[in-house]
Amino acid sequence: MIKTSGKVTLGVEWQIYSGLRREVVARIETTGTYEAKKLDDRSKRSLAQEAFAANVRSLLADERFRQVMADDPAQAIGSPATRFEAIQIVGPKAASVPLSAAVQSVAAVFAGGGHGSGFVVSSDGYLLTNQHVVGDAKYVKVRWADGFEALGEVVRSDRRRDVALIKTSAKATPLALRSSPAALGETVFAIGTPLDAKFQNTVTKGVVSASRTYDGLAFLQSDVGINPGNSGGPLLDEKGSVLGISVSTYQVNDAPTGLNLFIPIAEALDTLALRPAN
């Protein structure tokens, strides 16, 4: 009988993905080796499995992996509660403004060759928009309703919740942010820059159609008309208070369907650690 032995060395690159941030937050390389002094058909097949198991043990012992998967996982993967220090935002005392005034607080946001919308939430020049509007840009161009343009700095963003905060010159009055939930059938208005920059300040009207949850995230649904370019703009109630942020529209063959989603304003504030002043 011929006795044989075997040895397998296997290298693995592990990618640790954060569902919260929708990105790989760590890459760790390990190497595992397994050696058998006697081999039969069954043990030959298990060599690779044992080498992989050695990689798993190396991963579990890796200090960086243990840090990412620490007892405080929120801190490791970048939970909004720990990623950002709280910012106090100072808004208007009056919770009712006409739409003609609300339009002045909504801007077009230009980044990476495209554009979206954003709106003022604090008297010191903070704007809310979508993360997909600013992308990876550090600085963006902000154009106000009267055509005045300014530089804006993206100071924080969250890819999973798709919200971003821009700091720019304090030119416009902040919109009131509503704390009470939207009611089914409630009249709402969207303001933004749909399709082309020449359509800035477009106002559309609809109703709250439903509250939805997708991938563990809450959304408001409305038939209010929005298109690409509206992203990041506000969804307002009849008093001009913000209920949500435009984020996506469902189209069939490029035709609107009236199925549009908005991020509830309370979730956007919480994600970016923004605290309205009392």
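On a predicted model such as this, the values are computed, not experimentally measured, just so you know.

1. Topic: the sheet that holds strand E4 (residues 106-111)
With antiparallel pairing, 6 strands are arranged side by side around a closed barrel as E4-E5-E6-E9-E8-E7. Adjacent strand axes in the sheet meet at a mean angle of 40 degrees, parallel and antiparallel pairs treated alike. Across 3 bridges, the pairing between E4 and strand E7 (residues 139-143) is antiparallel. Across the sheet, residue Ala108 finds its bridge partner in E7, namely Arg143.

2. Observations concerning the confidence of the model for the protein
Keep in mind that low pLDDT regions are not for reading the predicted coordinates in detail. Chain-level statistics for the protein give a pLDDT mean of 85 and a share of 86% at 70 or above. Overall, residues 71-82 carries pLDDT values under 50, and its contacts beyond four positions in sequence, including any with other chains, amount to 18 contacts.

3. Let's talk about the side chain of Gln200
Structurally, Gln200 is set in the loop between strand E10 (187-192) and strand E11 (202-214). Polar contacts involving the side chain of Gln200 include one to the main-chain carbonyl oxygen of Trp144, which spans 3.3 Å. Apart from residues no more than four positions distant in its own chain, Gln200 is found in contact with Val106, Ala107, Ala108, Arg143, Trp144, Ala145, Gly192 and Thr193.

4. Here we look at the sheet that holds strand E14 (residues 242-252)
In a beta sheet, neighbouring strands pair by backbone hydrogen bonds and run either parallel or antiparallel. Taken in spatial order, the 6 strands of this closed barrel run E10-E11-E12-E15-E14-E13, and their pairing is antiparallel. Neighbour-to-neighbour, the strand axes of the sheet open up by a mean angle of 45 degrees, direction not taken into account. Taken together, the 3 bridges between strand E13 (residues 234-236) and E14 define a ladder with antiparallel strand orientation. Paired with Pro234 across the bridge in E14 is Ile245.

5. Focus on the pattern of salt bridges
Applying the stated rule across the entire model yields 8 salt bridges. Residue Lys138 pairs with Glu153 through a salt bridge whose shortest N-O separation is 3.2 Å. One end of the pair, Lys138, is in the loop between helix H6 (131-134) and E7; the other, Glu153, is in strand E8 (residues 149-158), and 15 residues separate them in sequence. Owing to a relative accessible area of 43%, Lys138 belongs among the partly exposed residues under this scheme. One continuous salt-bridge network, built from bridges that share partners, spans Arg178, Glu186 and Asp237.

6. So, the side chain of Thr193
Looking at the secondary structure, you find Thr193 in the loop between E10 and E11. By relative accessible area, which is 1% here, Thr193 ends up buried. When near neighbours in sequence (up to four residues on either side) are disregarded, Thr193 contacts Ala108, His115, Gly116, Ser117, Phe199, Gln200, Asn201, Pro228, Gly229 and Asn230.

7. What about the nonpolar core?
Counting residues in each nonpolar core, the largest one holds 28 residues, and the members touching the most others are Phe119, Leu128, Ile245, Ile265 and Leu274. Counting only elements with at least two residues in this core, the list comes to strand E3 (87-89), strand E6 (126-129), strand E9 (163-167), strand E12 (217-222), E14, strand E15 (255-264) and helix H7 (265-271). Ignoring sequence-local partners within four residues, the contact set of Ile245 consists of Phe119, Leu128, Asn130, Val163, Gly232, Gly233, Leu261, Phe262, Ile263, Ile265 and Ala268. Membership of the second largest hydrophobic core comes to 15 residues, among which are Val109, Ala111, Val134 and Val142.

8. Notes on the pairing of E12
With 5 of its 6 residues buried, E12 lies for the most part within the structure. Both E11 and E12 contribute to a ladder of 6 bridges, which runs antiparallel. Its bridge partner lying in E12, Arg212 is registered against Phe219. With antiparallel pairing between neighbouring strands as the criterion, E11 and E12 make up a hairpin whose turn holds 2 residues, including Asp215 at a positive phi of roughly 55 degrees. As paired elements, E12 and E15 share 3 bridges and run antiparallel to each other. Across the sheet, Ser222 pairs through a bridge with Asn260, a residue of E15.

9. Description of a nonpolar patch on the surface
A cluster of nonpolar residues, Tyr250, Val252 and Leu259, forms a patch on the protein surface that exposes about 280 Å² of accessible area. Note on placement: Leu259 falls in strand E15. Judged by relative accessible area, which is 40%, Leu259 ranks as partly exposed.

Reading guide: rules and limits
Residues numbered from 1 in each chain as written. Predicted model: local features only at pLDDT ≥ 70, side-chain atom pairs only at ≥ 80, totals over all residues. Heavy atoms only, no water. Pairing = 2+ DSSP bridges. Helix = DSSP H or I, 4+ residues; strand = E, 2+ residues; numbered from the N terminus. Axes fitted to C-alpha atoms, helices over the stretch in contact; angles between N-to-C directions. pLDDT = per-residue confidence, 0-100. Contact = heavy atoms within 4.5 Å. Polar contact = N/O pair within 3.5 Å; in protein donor to acceptor, adjacent residues only side chain to side chain. Salt bridge = Lys/Arg side-chain N within 4 Å of Asp/Glu carboxyl O. Buried < 20%, exposed > 50% of the residue type's maximum accessible area, 1.4 Å probe, protein only. Core = buried A, V, L, I, M, F, W, Y, C linked by side-chain atoms within 4.5 Å. Patch = residues over 30% accessible without salt bridge, like charges linked within 9 Å, V, L, I, M, F, W, Y side chains within 5 Å. Areas by Shrake-Rupley, 256 points an atom, 1.4 Å probe, with all protein chains shown as cover.

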